[in-house]
Amino acid sequence: MDKIVNLAKRRGFTFQSSEIYGGLNSCWDYGPLGVELKRNVKNAWWRDMVQGRDDIVGIDCSILMHPKVWEASGHLAGFTDPLVDCRVCKGRFRADHIADSQCPMKPSKAPGQFEKCDLTEARNFNLMFKTFMGPVEESASVVYMRPETAQGIFVNFKNVQTTARTKIPFGIAQTGKSFRNEITPGNFLFRTREFEQMEMEFFVKPGDDDRWFDYWVKERLEWYVTLGIRRDKLRLRPHAADELAHYAKGCADVEYEFPIGWSELEGIANRTDFDLKRHSEFSGKDLTFFDEETREHYTPFVIEPAAGADRATLAFLVDAYDEDVADGESRTVLRLHPQLAPIKAAIFPLLRKEGQPEKADAVYRALRPHFAVDYDQAGAIGRRYRRQDEIGTPFGITIDHQTMTDDTVTLRERDSMAQTRLPIDRLIGELAQRLAAPWSR
Ligand code: GAP
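(A) The overall build of the protein, seen in detail. Helix and strand content of the protein: 13 helices and 23 strands. Considered along the principal axes of its C-alpha atoms, the protein spans approximately 75 × 70 × 50 Å. Within the protein, the fraction of its 441 residues that count as buried is 49%. Accessible area of the protein: about 21,000 Å², with a carbon and sulfur share of 49%.

Next up, the structure:
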């Protein structure tokens, strides 16, 4: 993980939030390359979950919602983690993670195992961030920062269903920020207090829910494989009954083998009709669906694939990281799926003379409306290739002496380092074709 964090910082994928003030724990900013990578992850999700399907539509809800939402959803009463404090070192730990935690005074032991530890009883700590709406800070104006994007979808179920005229089965998808006052955030982007989710609620007829649950579990695992994650680094873990969230009948996690061990990447849950029924009860509004064929009203069941954009970005970074030897020199290479790579191609003049920089600049400007491209003329060509390999740029285009006579360039491929020669006027088509092709490591 240290190697990934260092590379991410050095090359401008991520920076610690408010770094010049000493940083804000567990909050991260995405730099120029990171913002492109994460945007590509979210765009791939949106393309595959919304635009590429005729049974899912999108939505974008506000982060602040009516406080009743969180009463109805059960978050106010039940979205808690058990918290334990140490009276001596003032450390705070999740009671259910204590065996895997380190005592700050004696890191070789778990909290409570060192003779000087003095732990409190566990108490439930609500993970929702509170703020106030309007100028008066009183209990009547308390609002919460949403801890999941899902609730915006449930409360808009009727709005979307009637305006988009969707019929069951259908889904509503949303990406956006969520906030949780995690007791033990950490491991870089893995667990933070502010993060982005990519969630979809798929509404089905009661009785069809098990079938759709199986469908979405398979579909979601394959999504990561299609985007280049090695299959042997992914696995499914069904939840045991005592792990299930208060709303769920079943849940399976897609887990990835992070450097911290196998951990949740995405959860797929059968949320039953819990949320729609509760919102109907608390709001007094009818949230049933009328089936025109059978002439019956029913409350749909919901299958929810819930992913994290930051956690997925971390998994793509970790899985892509590689070190090998190129031309007798060791190189770091990010073997990102070309569709996720922040920059698709870098353009290099071999020499800074003979009109090569001007020619390279013309190629760069011709490609820029079509792809995210970079131009680099600084240093030896080998070093320029390495700089791009390290950020995952799949293609390098070199303008050389021959280009000046026949308008051809070399196209270098990041993974194989193979070079092919082709005319400049074929570059756009060739790159488009290579970027659309299936890719795996
Ligand atoms: N609506 C259901 C829900 O929110 P979740 O398993 O709590 O389920 C879904 O969250 C996904 O959101 C997780 O699989 C993870 O990818 C991401 N996520 C949750 N908490 C996170 C955190 N503190 N930091 C980063 N990502 C988080």
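(B) Spotlight on the pattern of salt bridges. Taken as a whole, this structure holds 50 salt bridges when the rule is applied. D85 is the partner of R123 in a salt bridge, and the nearest nitrogen-oxygen pair spans 3.0 Å. Here R123 is found in strand β6 (residues 123–126), whereas its partner D85 is found in strand β4 (residues 80–85), with 38 residues between them in sequence. Relative accessible area serves as the criterion here: at 14%, D85 is assigned to the buried category. Within the structure, one salt-bridge network assembled from shared partners comprises D322, D324, R331, R335, D389, R412, R414, D415 and R441.

(C) Inspection of the pairing of strand β18 (residues 329–334) at higher detail. In this structure, strand β17 (residues 321–326) lies alongside β18, joined through 6 bridges in antiparallel fashion. Counterpart to Y321 in the pairing with β18 is L334. Counting the residues in the hairpin turn of β17 and β18 gives 2 residues, including D327, whose phi is positive at 50 degrees.

(D) Broad picture of the pairing of strand β16 (residues 301–308). Taking burial as the measure, the 8 residues of β16 include 8 buried ones, the bulk of the element. Burial of β16 is two-sided: the residues F301, I303, P305 and A307 facing one way and the residues V302, E304, A306 and G308 facing the other way are all buried. Of the pairings in the sheet, the one linking strand β10 (residues 194–204) to β16 comprises 6 bridges and is antiparallel in character. Looking across to β16, one finds that F202 is bridged to I303. Where strand β13 (residues 261–272) lies against β16, 6 bridges are found, and the strand directions are antiparallel. Pairing of T272 across the sheet is with V302, part of β16.

(E) Main features of the sheet that holds strand β9 (residues 170–179). Taken together, the 7 strands give an open sheet; going across it, the order is β3-β9-β10-β16-β13-β12-β11, and neighbouring strands pair in mixed fashion. One side of each edge strand has no neighbouring strand; the edge strands of this open sheet are β3 (56–58) and β11 (234–238). On average, each strand axis in the sheet is tilted by 25 degrees relative to the strand beside it, whichever way the strands run. As paired elements, β9 and β10 share 10 bridges and run antiparallel to each other. Pairing of F179 across the sheet is with E194, part of β10. Where helix α2 (residues 32–51) meets the sheet, it contacts β3, β9, β10 and β16, and its direction lies at approximately 5 degrees from that of β10.

(F) Quick peek at helix α1 (residues 2–10). Taken together, the buried positions of α1 are occupied by I4, L7 and A8. In a view along the axis of α1, the buried residues occupy a sector of 100 degrees, so they form one face of it. Seen from the open side of α1, the exposed residues pointing more than 90 degrees away from its buried face are D2, N6 and R10. The inward-facing, buried residues of α1 contact β1 (14–16), α9 (309–320), β17, β18 and α11 (381–390).

(G) How the structure looks around α9. With 12 residues, α9 ought to run about 16 Å at 1.5 Å a step, and its terminal C-alpha atoms sit 16 Å apart, in line with that. Regarding α9, the residues found buried are A309, D310, R311, A312, T313, L314, A315, F316, L317, V318, D319 and A320.

(H) Summary view of the site of the ligand. Around the ligand sit 21 residues, and of these E148, E182, T192, E199 and E264 come closest. Contacts to the ligand include F190, whose backbone N or O atom sits 3.4 Å from a nitrogen atom. Contact distances for the ligand include 3.4 Å between a nitrogen atom and a side-chain N or O atom of R271. When isolated, the ligand has an accessible area of 550 Å², and the protein chains bury 90% of it. At the level of elements, β10, β13 and β16 are the ones that each hand at least two residues to the shell around the ligand. Per-element tally for the shell around the ligand: the top contributor is β13, with 5 residues. Partitioning the shell around the ligand into residue classes produces 7 nonpolar, 4 polar and 10 charged.

(I) How the structure looks around the side chain of R311. Within the secondary structure layout, R311 lies in helix α9. One buried charge, R311, has no salt-bridge partner; the nearest side chain with opposite charge is E264, at 4.5 Å. In this structure the side chain of R311 is engaged in a polar contact, spanning 2.9 Å, whose partner is the backbone oxygen of E264. Residues contacting R311, with those up to four places away along its chain left out, are L189, F190, R191, F258, E264 and L265.

(J) Just the state of the cysteines, in detail. Summed over the entire model, instances satisfying the criterion amount to 0 disulfides. Free cysteine C103: the closest other cysteine sulfur is in C117, separated by 3.8 Å.

(K) How the structure looks around unusual backbone geometry. The peptide bond linking I168 to P169 adopts the cis configuration, its omega dihedral lying at 0 degrees. Mapped onto the fold, P169 is located in the loop between α6 (157–163) and β9. The phi angle at S18 is positive, at roughly 55 degrees, despite the residue not being glycine. Mapping S18 onto the fold places it in the loop between β1 and β2 (28–30). Here S18 falls in the partly exposed class, since its relative accessible area comes to 36%.

Cut-offs applied
- Residues numbered from 1 in each chain as written.
- Predicted model: local features only at pLDDT ≥ 70, side-chain atom pairs only at ≥ 80, totals over all residues.
- Heavy atoms only, no water.
- Helix = DSSP H or I, 4+ residues; strand = E, 2+ residues; numbered from the N terminus.
- Buried < 20%, exposed > 50% of the residue type's maximum accessible area, 1.4 Å probe, protein only.
- Areas by Shrake-Rupley, 256 points an atom, 1.4 Å probe, with all protein chains shown as cover.
- Salt bridge = Lys/Arg side-chain N within 4 Å of Asp/Glu carboxyl O.
- Pairing = 2+ DSSP bridges.
- Axes fitted to C-alpha atoms, helices over the stretch in contact; angles between N-to-C directions.
- Contact = heavy atoms within 4.5 Å.
- Arc of directions from axis to C-beta.
- Expected span 1.5 Å × (residues − 1).
- Near = heavy atom within 4 Å.
- Polar contact = N/O pair within 3.5 Å; in protein donor to acceptor, adjacent residues only side chain to side chain.
- Nonpolar A, V, L, I, M, F, W, Y, C, P; charged D, E, K, R; others polar.
- Lys, Arg positive; Asp, Glu negative; His and termini not counted.
- Disulfide = S-S within 2.5 Å.

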